[in-house]
Amino acid sequence: MKKSGSFFLAATLFFLSTVSVYAQVNTVTGNVKSSQNSEVLSGVSVLIKATSSGTFTDDKGHFKITTSTAFPITLVFSSIGYETKEVEITASGAIEVVLDPAADIGQEIVFSASRLPERILESTVTIERVNSATIRNTAVPNYYEGIVYLKGVDMTTSSMGFRTLSTRGFNGSGNLKFNQFVDGIDNQAPGLNFSVGNVIGMTELDVDNIELLPGASSALYGSGGMNGTLLMTSKNPFKHQGLSIQIKQGVMHVDEKYRSIAPYFDWAARWAKSFNDKFAFKISAQYIKGEDWQARDNTNLSRNSVFSSVKDGDRNSDPNYDGVNVYGDEVSYNIKTLASIIVKSAQDQFVAAYQQSYNSTPSPAVIDAFLSDPANGVAAFYAGLNNNLIPSQNVSRTGYEEQHIVDYSNYNLKFNGGLYYNLTSNIEASLVGYWGTGTTVYTGADRYSLRRLKIGQYKAELKSRNWLIRAYTTQENAGESSNSTALASYINEAWKPSLNTASAQTIAGSWFPQYIGAYLQAVMNSQANPHAIARQFADQGRFLPESPEFKEAYETLRKTPISERGALFLDKTDLWQVDGQLNLTDQVKFAEVLIGGNFRKYLLKSEGTLFNDDEGRITINEFGAFVQAQKKFFEEGLKLTASVRFDKSKNFDGRFTPRFSALVKLAKDHNVRMSFQSAYRFPSTQDQYIDLFTGTSTLIGGLPDFQSKYNLTSNPAYTAESIVAFRETGNSAVLRQAQYRPLEAETAQSWEVGYKGVFNSRFLVDVYAYYTQYKNFIGRVAVVQPAAPGPDGIAGLAIPAAPYSNNFSYPQNSDSDVKSLGFGISAEYRFGKGYVFSGNMASDRLNNVEANLVTFFNAPKYRFALSMGNQDVYKGLGFNLSYRWQDEVYWEGTFGTGMIPSYGTMDAQVSYRIPAAKVLLKLGGSNILNKYYTSAFGNPAVGGLYYVSVGWNVF
């Protein structure tokens with residue numbers, strides 16, 4: 001017994017000692033530097049060869065690897081911009097590794113083109129990529145603004161804080177044909193269905209890379225990717241650790257052309273830390289503040305509720321003046337027709353009272369005597385009409401300039417952070433949040449003052465090498481955002497109503513009757529410029545912008561919901577989404593096969609101020625799924641990719657969107673790509689459910705419910721164009737009844753061919769040409785509805801009901817197909833010693849556009865960009881100089897239509913790196929020549945911004 005027990009004990013001790021030997025832990029530490037300037041390198045990948053075990057260097061260039069693998073082992077060091085290096089380790093200890101700069105032009109790895117990792121040279125579709133090093137050295141004040149230097153990119157600047165990116169045409173503020181994702185999260189504001197620029201998302205210090213897919217991309221990324229998709233990826237805290245701080249201080253409006261000189265602030269910080277390569281966290285914040293560019297276009301417009309055209313005249317010469325950036329002057333009446341309405345209203349009231357008193361109808365002579373009696377309040381109008389003294393002239397109310405209506409105190413405060421945990425060496429779990437708030441201005445159907453807008457995005461994700469599943473939500477809060485036209489119009493109404501025919505007293509106290517009366521008196525007295533005299537009389541006592549009365553009305557009405565005759569939005573719309581992806585290549589074997597899908601839910605909550613949801617929130621469910629297969633042939637000389645996606649939305653039929661692409665290798669690093677891509681866009685939440693009074697008309701959704709809600713079926717509306725003709729001619733035969741058709745999804749089919757190649761490891765060339773055909777354009781139709789059905793209602797169309805309550809606009813698909821084509825070419829040359837020159841040119845245009853079809857294409861026919869830079873000219877001194885130019889554009893928009901002149905703008909920066917102190921100093925500016933330019937009709941003129949920047953640990 002004792003012998004057997006002793007034997008068991010001995011065997012156990014032998015086993016444990018054996019295990020301890022084989023479980024021995026080996027540790028290797030070290031430091032990684034650049035051979036170019038001995039600068040420590042952070043974020044360098046350190047992997048044990050032939051395994052997935054590894055780590056990254058920290059912000060001091062240090063690394064530590066602990067492994068049970070027996071020596072010798074080989075460590076593989078890799079980092080973007082440096083040659084990969086293998087080092088054999090034979091024993092525990094500390095080592096120093098020096099990496100050489102690499103000529104890696106065209107070798108970057110991209111993911112967005114096929115959702116699979118591949119060299120950018122081998123992508124089967126056109127793709128652009130920007131890494132963190134490029135962002136660090138950009139000349140413009142922020143990385144988002146710098147994306148415009150990519151080939152074929154247009155940027156619309158609604159304000160300093162609201163910029164919209166577009167590719168392949170259809171440029172505009174808030175592009176519904178362009179997707180934007182941040183770490184896999186759709187970056188749209190769900191109540192608007194498009195990204196609000198960079199108000200929410202990554203801070204500048206947390207950007208790892210940006211990938212741009214110009215052209216159709218719905219097959220992989222769903223609705224909205226008709227013309228392009230932008231994917232932004234943040235820095236992983238396991239790889240990028242430590243504390244980083246960047247402070248930019250600048251100045252704007254240096255010439256005081258539009259306002260006094262003003263400061264600019266941009267402060268950012270990021271902190272990330274990893275614990276034993278198992279758990280990591282990060283948190284970052286950024287605050288940007290500046291006094292915004294001001295929109296002061298006083299061009300005169302002729303409107304038809306949705307569209308407009310430029311006309312001659314100003315407030316002094318045109319009684320019906322309607323300035324582009326002047327609000328409240330959209331309220332307009334024909335004074336002759338209005339005088340007739342006023343007289344008829346008084347007559348009807350008199351006849352009704354007479355019949356009640358005498359039980360009989362008054363004779364024409366009695367009616368004439370009543371209308372001619374000065375005591376009734378309409379005698380002057382009656383006499384003016386009888387003597388043909390009142391012209392058939394439209395007259396608008398006096399408006400307020402934009403600077404007095406919107407909040408130009410632009411700021412943006414945003415935070416993002418995340419918790420990351422490696423469940424295994426191949427599975428990572430993360431919780432990530434993005435939150436942003438700000439005040440800015442956005443151009444849509446109106447100029448909207450987005451005041452204290454708040455958006456939060458929160459994501460939970462589990463991912464491995466071959467699969468991922470994520471769930472996220474976007475929570476939107478419009479804050480104190482308001483409609484400029486409605487606000488200005490209601491301020492005017494608060495001071496003095498435009499028209500009130502309830503009684504002689506209310507008529508006399510109304511603005512338009514006072515105008516007509518003063519006009520008649522000036523005409524009878526043979527005074528010069530009677531319209532100016534009439535306006536001066538009617539405007540007596542008007543709330544002036546700096547007056548206490550104006551400020552009180554302004555504050556009250558901007559905080560009063562639109563549903564209660566104010567200007568405030570109450571939008572708190574949410575978006576919820578779950579999506580997943582699975583790579584089946586290990587199982588399928590014969591090809592790389594990828595499948596994925598998503599479910600999305602919109603919850604519209606605007607309390608009747610934006611959507612037709614005054615009786616409760618509206619739910620929209622969407623789902624989609626895709627499959628992709630990729631195969632290489634002829635020793636990788638040919639790569640074929642095919643994918644198809646199916647999507648279904650609550651109110652619309654399902655859509656299939658296929659994509660086929662091929663890459664042909666001509667020689668090493670020289671490839672030709674060809675693709676056919678289809679795309680679609682479901683009508684947006686606003687296209688479906690908007691119910692918004694803008695101050696001049698009511699924007700309604702395109703669903704059949706709205707036709708019933710506003711009785712447009714039983715009391716049909718007439719097209720705005722025919723209404724204009726009727727009011728000019730008085731001939732009702734010119735009226736055309738509007739024809740409503742149910743909405744459908746927009747679709748596009750695009751063919752593209754391109755070439756990308758590298759010459760002598762220094763010269764990269766990329767060129768593409770495309771042709772796209774669009775169907776079922778979603779545009780807006782402007783209509784006017786009679787106050788009642790029948791001849792009397794049609795006759796009443798001669799003047800709009802106050803204030804414009806019978807003007808409607810709803811979305812409708814166009815019958816016409818539109819064809820666009822274009823090309824782009826870019827080149828990058830590395831001279832040596834760090835000097836890099838790059839340039840690109842692109843062109844987009846439409847073909848065979850039918851007359852009178854409004855496409856909102858808005859892309860310049862030609863634009864180009866040039867850049868020259870060197871990060872280290874001499875002992876840490878660097879520079880970057882960039883210039884871009886674009887052709888003139890005839891801009892079509894629901895806010896206004898007109899010509900945008902061509903312009904060019906130059907950006908520049910000089911930098912100085914102090915590696916030992918981990919400091920980067922910059923002196924730079926955007927539009928450094930301060931040549932003001934406007935990117936879209938009605939948007940502000942953008943001037944120069946100059947800054948100094950101090951960054952610590954931003955390398």
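Structure: see above.
Here is a short report on the structure shown in this document. Owing to the predicted nature of the structure, the values given are computational and were not obtained by experimental measurement.

1. A few points about the overall build of the protein chain
- The helix and strand inventory of the protein chain stands at 17 helices and 54 strands.
- Relative to the 2.2 N^0.38 estimate, which gives 30 Å for 955 residues, the radius of gyration of the protein chain is 33 Å and therefore close to what a compact globule would have.
- Along the first, second and third principal axes, the C-alpha atoms of the protein chain reach 135 × 65 × 60 Å.
- Put simply, the protein chain has 955 residues, and 55% of those count as buried.
- Nonlocal contacts in the protein chain, meaning residues at least 24 apart in sequence, comprise 65% of its contacts between residues at least 6 apart.
- Surface accessibility of the protein chain: about 39,100 Å² in total, with carbon and sulfur atoms responsible for 57%.
- Between the averaged position of the 86 positive side-chain charges in the protein chain and that of its 87 negative side-chain charges there is a distance of 7 Å.

2. What about the packing of helix α5 (residues 335-358) against helix α6 (residues 364-372)?
- Contact pair α5 / α6: the axes reach a minimum separation of 11 Å and the direction vectors enclose 125 degrees. For the element pair α5 / α6, the angle class is oblique. Relative to α6, the crossing made by α5 is right-handed. Of α6, the residues touching α5 (which contributes Val343, Ala346, Gln347, Phe350, Val351 and Tyr354) are Val366, Ile367, Phe370 and Leu371.
- Its residues assigned to classes, the contact of α5 with α6 comprises 9 nonpolar, 1 polar and no charged.

3. Description of the sheet that holds strand β14 (residues 185-186)
- Taken together, 5 strands build an open sheet; the order of strands is β10-β17-β18-β13-β14 and the sheet is mixed. Pairing within the sheet leaves two strands with one partner each, and these edge strands are β10 (128-131) and β14.
- Direction of pairing for β10 relative to strand β17 (residues 207-214): antiparallel, over a ladder of 4 bridges. Within β17, the position partnered with Arg129 by the bridge is Glu211.

4. So, helix α10 (residues 511-524)
- Between the first and last C-alpha of α10 there are 20 Å, a value that for 14 residues agrees with the 20 Å anticipated at 1.5 Å per step.
- Among the 14 residues that make up α10, 10 are buried, leaving the element largely enclosed by the rest of the structure.
- Looking at the residues trailing α10, positive phi occurs at Ser526, about 55 degrees.

5. Description of helix α11 (residues 530-538)
- Those residues of α11 not exposed but buried are Pro530, His531, Ala534, Arg535 and Ala538. The buried residues of α11 occupy one face: seen down the axis, they fall within an arc of 135 degrees.
- Looking at the buried residues of α11, the elements they touch are α5, β26 (394-396), α8 (484-495) and α10.

6. Comments concerning the pattern of salt bridges
- Taken as a whole and assessed by the stated rule, the structure comprises 46 salt bridges.
- Salt-bridge contacts for Arg129 lead to Glu211; the nearest nitrogen and oxygen are separated by 3.8 Å. On the criterion of sequence distance, the pair formed by Arg129 in strand β10 and Glu211 in strand β17 is long-range, its members being 82 residues apart. Like Glu211, Arg129 is buried.

7. Describing unusual backbone geometry
- Residue Pro72 is reached from Phe71 by a cis peptide bond, and omega for that bond is 0 degrees.
- Relative to the helices and strands, Pro72 is located in the loop between β4 (62-67) and β5 (73-78).
- Positive phi is not limited to glycine here, since Glu256 has a value of about 55 degrees.
- On the secondary structure map, Glu256 appears in the loop between β19 (242-252) and β20 (262-275).

8. Things to note about the pairing of β17
- For β17, the tally of buried residues reaches 8 of 8 residues, placing the bulk of the element in the interior.
- As defined by bridge partners, β17 adjoins strand β18 (residues 228-234) across 7 bridges and the pair is classed as antiparallel. Within the sheet, the bridge partner assigned to Ile210 lies in β18 and is Met232.

9. Considerations on the packing of aromatic side chains
- Here the structure, examined in full by the defined rule, presents 45 aromatic pairs.
- When the ring of Tyr258 is compared with that of Tyr932, the centres are 5.2 Å apart and the planes differ by 80 degrees; the resulting orientation is edge-to-face. Of this pair, Tyr258 sits in the loop between β19 and β20 while Tyr932 sits in the loop between β53 (919-926) and β54 (945-952), placing them 674 residues apart in sequence.
- The structure contains a cluster of three or more aromatic residues connected by ring pairs, namely Phe162, Phe194, Tyr442, Tyr448 and Phe569.

Conventions we followed
Residues numbered from 1 in each chain as written. Predicted model: local features only at pLDDT ≥ 70, side-chain atom pairs only at ≥ 80, totals over all residues. Heavy atoms only, no water. Helix = DSSP H or I, 4+ residues; strand = E, 2+ residues; numbered from the N terminus. Rg over C-alpha atoms; globule rule 2.2 N^0.38 Å. Buried < 20%, exposed > 50% of the residue type's maximum accessible area, 1.4 Å probe, protein only. Contact = heavy atoms within 4.5 Å. Areas by Shrake-Rupley, 256 points an atom, 1.4 Å probe, with all protein chains shown as cover. Lys, Arg positive; Asp, Glu negative; His and termini not counted. Charge placed at Lys NZ, Arg CZ, Asp CG, Glu CD. Axes fitted to C-alpha atoms, helices over the stretch in contact; angles between N-to-C directions. Parallel < 35°, antiparallel > 145°, perpendicular 65-115°, else oblique. Left-handed = near helix turned anticlockwise from the far one by under 90°. Nonpolar A, V, L, I, M, F, W, Y, C, P; charged D, E, K, R; others polar. Pairing = 2+ DSSP bridges. Expected span 1.5 Å × (residues − 1). Arc of directions from axis to C-beta. Salt bridge = Lys/Arg side-chain N within 4 Å of Asp/Glu carboxyl O. Phe/Tyr/Trp six-rings, centres within 6.5 Å; stacked < 30°, edge-to-face > 60°.

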